[in-house]
Amino acid sequence: MTTTPPQLAIAAQGLHKAYGDKKVLDGIDLSVPAGTVFSLLGPNGAGKTTAVKILSTLITADAGEVRVGGHDLTADPQAVRAAIGVTGQFSAVDGLITGEENMLLMADLHHLSKAEGRRVAAELLERFDLTEAAKKPASTYSGGMKRRLDIAMTLVGGPRIIFLDEPTTGLDPRSRHDVWKIVRELVTGGVTVFLTTQYLEEADELADRIAVLNNGRIAAEGTAEELKRLIPGGHVRLRFTDPAAYRSAADALRDAARDDDALTLQIPSDGSQRELRSILDWLDSATIEADELTVHTPDLDDVFFALTGNDAQHSVPTQPGQARPDQTSKETVR
């Protein structure tokens, strides 16, 4: 039985953008299924914001084909604008007026009637827990409140695709988690979120797919788990309390790194279920009991540094599945 491919909210091919001699985007391709979170990672200057500006019609690409919300970006930019919302790196909130007035201003910009504008503003202010502060000047809001108001303003027109360009930069951990909750709720409601971030934990928590942008090109793309498989270094650690059991295991597992003082063995491993089962089966067949088995694997930090370092192109493959599966996790099995 054939399956229908997912509808793409954003599709870009061969996207190029240069400023003078500097290539900011060097032929990138992007495919974002509808109703998902797609995260674009990259160091400062990698081209993340430029990509968002092009996809949201704020600037034009030098070359490439783009469809957003099913509309051709070049042929019908107005239809694209009607389908999207944008929350940039820097807040669009006007601090001189109240939160409610900011919302009503956005309603006017979307040509909503006065009654409809007030209804939508009230609903969004309540949804983002800003009702009590609605009559206060936005300049009195905390960073997290301003960001929530910023996103609420983005939603006034009911967009189905939202661009969030580093939305949690500078926020405290609690406010950052508040924004994460908002993103999850948006996606549950069918909205597509295109997220740029420098917080790797954020991408790991939220994104269905992640692309790493470096020097204007996509260095790698996949799920968080697929990207973690690009980085070698995973291992299984066996800890013993019985010195005799430790010696027996060490004699049999010649490839394991030994720590005779801690009675631990470190076995290179891809962390896969098959390999873990093989280790457990071997321990059972040899009647050797480890007191603790722990899986250690690299995380997105390792992926990011490997892909965006000076020697990144020579240190890791660029497609998921070419190296050993690794993820930052720690699992203990008795």
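Residues numbered from 1 in each chain as written. Predicted model: local features only at pLDDT ≥ 70, side-chain atom pairs only at ≥ 80, totals over all residues. Heavy atoms only, no water.

A.B. asks: Please explain the overall build of the chain as it appears in this structure.
C.D. replies: Summing up its helical and strand segments, the chain has twelve helices and 15 strands in all. Nonlocal contacts in the chain, meaning residues at least 24 apart in sequence, comprise 71% of its contacts between residues at least 6 apart. Total accessible area computed for the chain in this model is approximately 17300 Å², and 48% of it derives from carbon and sulfur atoms. (Helix = DSSP H or I, 4+ residues; strand = E, 2+ residues; numbered from the N terminus. Contact = heavy atoms within 4.5 Å. Areas by Shrake-Rupley, 256 points an atom, 1.4 Å probe, with all protein chains shown as cover.)

A.B. asks: Help me out: how do you make sense of the side chain of D26 in this one?
C.D. replies: Tracing the chain through its elements places D26 in strand β2 (residues 22-33). Within polar-contact distance, the side chain of D26 engages the side chain of R217 at 2.9 Å. Residues within four places of D26 in sequence aside, it is in contact with L15, H16, G216 and R217. (Polar contact = N/O pair within 3.5 Å; in protein donor to acceptor, adjacent residues only side chain to side chain.)

A.B. asks: Just to check I follow, could you spell out the nonpolar core for this structure?
C.D. replies: Soluble globular proteins tend to bury their nonpolar side chains together. Ranked by size, the top nonpolar core spans 52 residues in total, and within it M103 and L149 carry the most contacts. Top contributing element to this core by residue count: helix α6 (residues 173-188), with six residues. Residues within four places of M103 in sequence aside, it is in contact with A121, L124, L125, L149, A152, M153 and V156. (Core = buried A, V, L, I, M, F, W, Y, C linked by side-chain atoms within 4.5 Å. Buried < 20%, exposed > 50% of the residue type's maximum accessible area, 1.4 Å probe, protein only.)

A.B. asks: Help me understand the environment of A34 in this model?
C.D. replies: Relative to the helices and strands, A34 resides in the loop between β2 and β3 (37-41). Considered as a pair, A34 and V193 are 159 residues apart in the sequence and their alpha carbons are 8.7 Å apart.

A.B. asks: Got a minute to help me understand the packing of aromatic side chains in this structure?
C.D. replies: Aromatic ring pairs are reported here in terms of the distance separating the ring centres and the angle at which the planes meet. Scanning the model with the defined rule gives four aromatic pairs in all. With a centroid separation of 5.9 Å and 80 degrees between ring planes, the pair formed by F304 and F305 is classed as edge-to-face. For F304, a relative accessible area of 14% gives the class buried. Residue class for F305 comes out exposed when judged on its relative accessible area of 57%. A network of ring pairs unites the aromatic residues F38, F163 and F194 as a single cluster. Its guanidinium or amino end placed over the ring of Y199, R176 lies 3.8 Å from that ring's centre, counting from NZ or CZ. (Phe/Tyr/Trp six-rings, centres within 6.5 Å; stacked < 30°, edge-to-face > 60°. Lys NZ or Arg CZ within 6 Å of the ring centre and 35° of its normal.)

A.B. asks: When you look at the pairing of strand β1 (residues 8-19) in this model, what are you seeing that I'm missing?
C.D. replies: Residues in a regular strand point their side chains to alternate faces of the sheet. Across nine bridges, β1 lies against β2 in antiparallel orientation. Bridge pairing links L8 to P33 in β2. Once β1 ends, the chain turns through two residues before running back antiparallel as β2, passing G20 with a positive phi of about 65 degrees. Where β1 lies against strand β4 (residues 63-68), five bridges are found, and the strand directions are antiparallel. Looking across to β4, one finds that Q13 is bridged to E65. (Pairing = 2+ DSSP bridges.)

A.B. asks: Teacher, can you tell me more about the sheet that holds strand β6 (residues 84-87) here?
C.D. replies: Strands in a sheet are paired, the pairing made by backbone hydrogen bonds, and the direction either parallel or antiparallel. If you trace the six strands from one edge of the open sheet to the other, you get β6-β7-β8-β3-β9-β10, paired in mixed fashion. Only two strands of the sheet have a single neighbouring strand rather than two, namely β6 and β10 (217-222). Going from strand to strand, the sheet's axes swing by 15 degrees on average, the running direction of each strand aside. Across five bridges, strand β7 (residues 161-165) lies against strand β8 (residues 192-197) in parallel orientation. The residue of β8 that forms the bridge with L164 is L195. Across the sheet, helix α5 (residues 143-154) is in contact with β6 and β7; its angle to β6 comes to roughly 160 degrees. (Axes fitted to C-alpha atoms, helices over the stretch in contact; angles between N-to-C directions.)

A.B. asks: Hey, could you run me through unusual backbone geometry in this one?
C.D. replies: The phi torsion of most residues other than glycine is negative, and most of the peptide bonds are trans. Notably, T57 is not glycine yet its phi reads approximately 70 degrees, a positive angle. Here T57 lies in the loop between α1 (48-55) and β4. The buried category is assigned to T57, whose relative accessible area is 15%. Positive phi outside glycine occurs at E166, with the angle close to 50 degrees.

A.B. asks: What am I meant to see in the sheet that holds β4 here?
C.D. replies: Taken in spatial order, the four strands of this open sheet run β2-β1-β4-β5, and their pairing is antiparallel. The outermost strands of the open sheet, each flanked by one partner alone, are β2 and β5 (71-72). This element, α1, spans β1, β2 and β4 of the sheet and lies at about 120 degrees to β1.

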